[in-house]
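Summary of the model geometry
Residue strings, one per chain:
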Amino acid sequence: GEIVAFPLAGGGAGGTMAALGTDSWWKKTLYLTGGALLAAAAYLLHELLAIRKEQELDSKDAIILHQFSRPTNGVPSLSPFCLKMETYLRMADLPYQNYFDGKLSPQGKMPWIEYNHKKVSGTEFIIDFLEEKLGVNLNKHLGPHERAVSRAVTKMVEEHFYWTLAYCQWVENLHETQKMVSLFGPFSDLLKWILCHLTKGIVKREMYGHGIGRFSEEEMYTLMEKDMRTLASLLGDKKYIMGPTVSTVDATVFGHLAQAMWTLPGTRPERLIKGELINLAMYCERIRRKFWPEWHHDDDNTLYESEESSEASKTYSPLQDFSFYSRTETFDEEGNSISQTPDTDYTGHSLFDSDVDMDDYRDHEQCK
């Protein structure tokens, strides 16, 4: 994001006015229109990123999750860490409320939470905080060795695999990512272009500082493939990373692999996860169906339509934005509370892991 200025003849404000006075009418119109567009873009950018003076949220005994707005392609988030945090809350069955204000935490992080007026940022610190305050623990069934492996996998994913995903999303595949960013208003397309290219510059700079960005594109994708193959080997034919029961590391791995599954069309990570490493794709589907029953995807062969829907006209339950969510309670399209069992979708079909088991994976391997 660089701004290049071309000085007009005469210099200073007087020179600018003199230049406008001698130019033809169409050049004057071009100058004024361009200036108006830049001013409008700057104003909208300020409105999006500035800390807004809004009514203070009442976070008494309530988890308020601050994260980026939902993208337009139906995926809950383009941020692996936001998706990780929201998936963790669902896995732990902790009711929460989303708040899409675009406001970063005091540490400049996203996502972050408020609970009883306490602000916590950084997904690792958020999880530690919730475990201490609410007594939840998705890792209680793990032994010391398994906890160590879980942490090692988490750090590989968040400190290494994440950066190659970020490169694919915000540098190589920027045009497709820009289509998914959710912004509205008269200059939304221009603002999305500005934000995406600013993000591209930030990602490249931070990757260079990290060190991984100093390699060639081919070398970065080689590192990405090694990470994905490591995850596939570690998962094997198990239901979850650490065995038959979900743990915190699954929220981390799912948050990142979901980007390859559903936000990077036509890219190498998508081809790899949906091709050779099919067990990772089945793993993502398994978690999506169990903990995100309202998340519908066009390529999904399982329908989440209401009973009144016909085959000719299907309606899908949208992702809940501002309503409180828990696995034991959800809301209809009008926002009215409706009962729902933890492991069934809106049609009453089971969402247990057996719905997406490894039989297809074994058949796939036998056909190779």
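As annotated in an unreviewed UniProt entry, the protein carries the name FAXC protein and comes from Stercorarius parasiticus. Taken verbatim from the UniProt record of the protein, the Sequence similarities (unreviewed entry) comment is "Belongs to the FAX family."

1. Here we look at the overall build of the protein
On a plain count of helices and strands, the protein comes out with 12 helices and 6 strands. With 368 residues in all, the protein has 45% of them scored as buried. With an accessible surface of roughly 19200 Å², the protein has 56% of that area assigned to carbon and sulfur atoms.

2. Thoughts on the sheet that holds strand 3 (residues 112-115)
Strand order across the open sheet formed by 4 strands is 2-1-3-4, with mixed pairing between neighbours. Because the sheet does not close on itself, it has two edges, and the strands there are strand 2 (96-99) and strand 4 (118-121). The sheet shows a mean angle of 25 degrees between the axes of neighbouring strands, direction not considered. In terms of strand pairing, strand 3 meets strand 4 through 4 bridges, oriented antiparallel. From the neighbouring strand, Ile 113 faces strand 4, where its bridge partner is Val 120.

3. As for the packing of helix 5 (residues 144-172) against helix 7 (residues 188-210)
Between helix 5 and helix 7, the shortest axis-to-axis distance is 10 Å and the interhelical angle comes to 145 degrees. As for the relative orientation of helix 5 and helix 7, their crossing is left-handed in sense. Contacts from Glu 159, Trp 163, Ala 166, Tyr 167, Trp 170 and Val 171 of helix 5 reach helix 7 at Cys 196, Thr 199, Lys 200, Val 203, Lys 204, Glu 206, Met 207 and His 210. Counted by class, the contact of helix 5 with helix 7 contains 8 nonpolar, 2 polar and 4 charged residues.

4. A closer look at the pattern of salt bridges
Between side chains of opposite charge, a pair can form when the charged atoms approach closely. Under the criterion given, the structure shown has 13 salt bridges. The salt bridge involving Lys 155 is made with Glu 158; its shortest N-O contact spans 3.5 Å. Here Lys 155 pairs with Glu 158, and both are found in helix 5, just 3 residues apart, close to one helical turn. Residue Lys 155 is classed as partly exposed on the basis of its relative accessible area of 25%. Since its relative accessible area comes to 7%, Glu 158 is described here as buried. Where Glu 270 meets Lys 274, a salt bridge forms, and the shortest distance between an N and an O atom there is 3.3 Å. Given a relative accessible area of 16%, Glu 270 falls into the buried group. Of the residues examined, Lys 274 reaches a relative accessible area of 34% and is grouped as partly exposed. Each member of the salt-bridge network shares a partner with another, and the members are Lys 84, Glu 124, Arg 151, Lys 155 and Glu 158.

What counts, and where the lines are drawn
- Residues numbered from 1 in each chain as written.
- Predicted model: local features only at pLDDT ≥ 70, side-chain atom pairs only at ≥ 80, totals over all residues.
- Heavy atoms only, no water.
- UniProt positions renumbered as here; feature names shortened; annotations may be inferred.
- Helix = DSSP H or I, 4+ residues; strand = E, 2+ residues; numbered from the N terminus.
- Buried < 20%, exposed > 50% of the residue type's maximum accessible area, 1.4 Å probe, protein only.
- Areas by Shrake-Rupley, 256 points an atom, 1.4 Å probe, with all protein chains shown as cover.
- Pairing = 2+ DSSP bridges.
- Axes fitted to C-alpha atoms, helices over the stretch in contact; angles between N-to-C directions.
- Left-handed = near helix turned anticlockwise from the far one by under 90°.
- Contact = heavy atoms within 4.5 Å.
- Nonpolar A, V, L, I, M, F, W, Y, C, P; charged D, E, K, R; others polar.
- Salt bridge = Lys/Arg side-chain N within 4 Å of Asp/Glu carboxyl O.

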